[in-house]
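# Coordinates in review
Listed below, chain by chain, are the residues.
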Amino acid sequence: MTPALRLTIFVGETDTSHHKPLYHEIVHRAHAAGLAGASVFRGIEGYGASNHIHTTRILSLSEDLPVAIVIVDEPARIRAFLPQLDGLIGEGLVMVDEVEVHRYGGKPL
């Protein structure tokens, strides 16, 4: 088991940075920073700072579904990456929590 940090970033699907999806910018910055990996998950329903419920249900179809970007790496690398999120995320949530990596097939954490 290897101690690590999980960085989870919640934003809206339509949030942008430099005319591109915000999640795209975050993933590419994480890649450029050499972090172990990043995944983007599209939510089917949720609400956040706006307190407006976004959903994929047909009768109330939303174009701004919640998106979660999840990155796991060694603590020092995650903490060094956090300043790159400053100024990128307006309405959103950034969480960091401790995790244990039991198995990883790529480069060592």
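Up top is the structure.
Each residue is numbered by its place in its chain's sequence as written, counting from 1. Whole-chain, interface and lining totals are the exception, using all residues; otherwise, since this is a predicted model, local features are given only for residues with pLDDT of at least 70 and side-chain atom pairs are given and counted only at 80 or more. Only hydrogens and water are removed before side-chain values are computed, so all heavy atoms of the structure are retained for them.

### Topic: the side chain of S17
Numbering of helices and strands runs from the N terminus, with a helix taken as a DSSP run of H or I at least four residues long and a strand as a DSSP run of E at least two residues long. Inspection of the secondary structure puts S17 in strand β2 (residues 16-17). Relative accessible area decides the class of each residue, using a 1.4 Å probe on protein chains only: under 20% of the type maximum gives buried, over 50% gives exposed, and in between gives partly exposed. For S17, a relative accessible area of 7% corresponds to the buried category.

### Digging into helix α1 (residues 22-32)
Listed as buried for α1 are L22, E25, I26 and A30. Along the axis of α1, the buried positions cluster into a sector of 130°, meaning they face one direction only. Structural note: α1 exposes H31 and A32 on the side pointing more than 90 degrees away from its buried face. The reported arc concerns the directions from the helix axis to the C-beta atoms and nothing else.

### Re a nonpolar patch on the surface
The patches described consist of residues with a relative accessible area above 30% and no salt bridge, like charges being joined within 9 Å and nonpolar side chains (Val, Leu, Ile, Met, Phe, Trp, Tyr) within 5 Å. Surface exposure here means Shrake-Rupley accessible area, sampled with a 1.4 Å probe, where a residue is shielded only by the protein chains that are shown. Any carboxyl oxygen of Asp or Glu that lies within 4 Å of a side-chain nitrogen of Lys or Arg is treated as forming a salt bridge with it. Judged by side-chain polarity, F10, L93 and M95 come together as a nonpolar surface patch covering roughly 240 Å² of accessible area. Secondary-structure assignment places L93 in strand β8 (residues 93-101).

### Topic: the pattern of salt bridges
Applying the stated rule across the entire model yields 4 salt bridges. Between R42 and E13 there is a salt bridge whose closest N-O contact spans 2.7 Å. Of this pair, R42 sits in strand β4 (residues 38-42) while E13 sits in the loop between β1 (2-12) and β2, and the two are 29 residues apart along the sequence. By relative accessible area, R42 is classed as exposed at 54%. In this structure, the salt-bridge partner of R29 is E25, at a minimum N-O distance of 2.8 Å. Taken as a pair, R29 and E25 lie in helix α1 at a separation of 4 residues, close to a single helical turn.

### Some remarks on the nonpolar core
Take the buried Ala, Val, Leu, Ile, Met, Phe, Trp, Tyr and Cys residues and link them wherever side-chain atoms come within 4.5 Å; each set so joined is a nonpolar core. Counting 16 residues, the largest nonpolar core has I9, I26, I71 and I89 as its most contacted members. Elements represented by at least two residues in this core include exactly β1, α1, β7 (66-73) and α2 (75-81). Take this core: its biggest share by element is 4 residues, from β1. Contacts were defined at the residue level, with two residues in contact if any of their heavy atoms lie within 4.5 Å. Other than its neighbours up to four places away in sequence, I71 contacts L5, R6, L7, A30, L35, G37, A38, I78 and F81.

Remember, this is a structural readout, not a statement about activity or role.
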